[in-house]
Amino acid sequence: MRELLFRGQTRRYGEKVSMNGEKLPGKWVYGGIFHQDDLGVSFAVIYSYDPIEKHVVYADTVGQFTGLTDRNGIKIFEGDILSFQHPFGNRHGIYRVVYSGYGFGCLNFYQPHYDTPNDAFSEGTEYFTVIGNVYDNPELIKKE
């Protein structure tokens, strides 16, 4: 059975800056989620479990745990950016983890290609490395 876990940001990337003006990363919290109604609310609530706390997060940063980990044992969440490098052949790329309604898949930034949930992780995740996410690492996203 897959662990049901969500994450969301209580502070966005760059909302705060250090004394030298450097943008600080977003602040992430992990736990269960309380869904807001459909009134256009831009916040959601995540309950962390240890200790039990309530966190108001930006709704557009909420992502679900895929149930998978990368080659280093890091949990893969919706919105993560993954580097794919197959040891044999020339298969490689940078992908965003997305949820399609049928399951999790990968959207390739460098080619107009989407791997369906059935084959996105078909070779396992030992060739994937989490290198960031679309919220804290916008520089990893290919600009058209």
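Let me sum up the structure you'll find in this document. (Residues numbered from 1 in each chain as written. Predicted model: local features only at pLDDT ≥ 70, side-chain atom pairs only at ≥ 80, totals over all residues. Heavy atoms only, no water.)

1. A word on the nonpolar core
We count it as follows: Among the buried residues, those of types Ala, Val, Leu, Ile, Met, Phe, Trp, Tyr and Cys that are joined through side-chain atoms within 4.5 Å form a nonpolar core. A simple rule labels every residue: compare its accessible area, found with a 1.4 Å probe on the protein chains alone, to the largest value its type can have, and call it buried under 20%, exposed over 50%, or partly exposed in between. In this text, helices come from DSSP runs of H or I with a minimum length of four residues, and strands from runs of E with a minimum of two, each type numbered from the N-terminal end. Whether two residues are in contact is decided by their heavy atoms: any pair within 4.5 Å suffices.
Within the largest apolar cluster, nine residues are counted, these being Ile-76, Leu-82, Phe-84, Tyr-95, Val-97, Phe-104, Cys-106, Tyr-127 and Phe-128. Within the residue set of this core, elements represented by two or more residues are β7 (80–85), β8 (92–99) and β9 (104–108). Sequence-distant contacts of Tyr-127, that is, excluding residues within four places in its chain, are made with Arg-71, Ser-83, Phe-84, Gln-85, His-86 and Pro-87. Judged by nonpolar contacts, the second largest core, of six residues, contains Phe-6, Ala-44, Val-57 and Val-62.

2. Focus on the pattern of salt bridges
Short version of the rule: Salt bridges, as used here, are contacts in which a Lys or Arg side-chain nitrogen is within 4 Å of a carboxyl oxygen on Asp or Glu.
Applying the stated criterion across every chain yields a total of two salt bridges. A salt bridge links Asp-80 to Arg-7, with the shortest nitrogen-to-oxygen separation between them at 2.5 Å. With Asp-80 in strand β7 and Arg-7 in strand β1 (residues 6–11), the pair connects residues that are 73 residues apart, well separated along the chain. By relative accessible area, which is 2% here, Asp-80 ends up buried.

Such coordinate-based values are descriptive only and should not be taken to indicate function.
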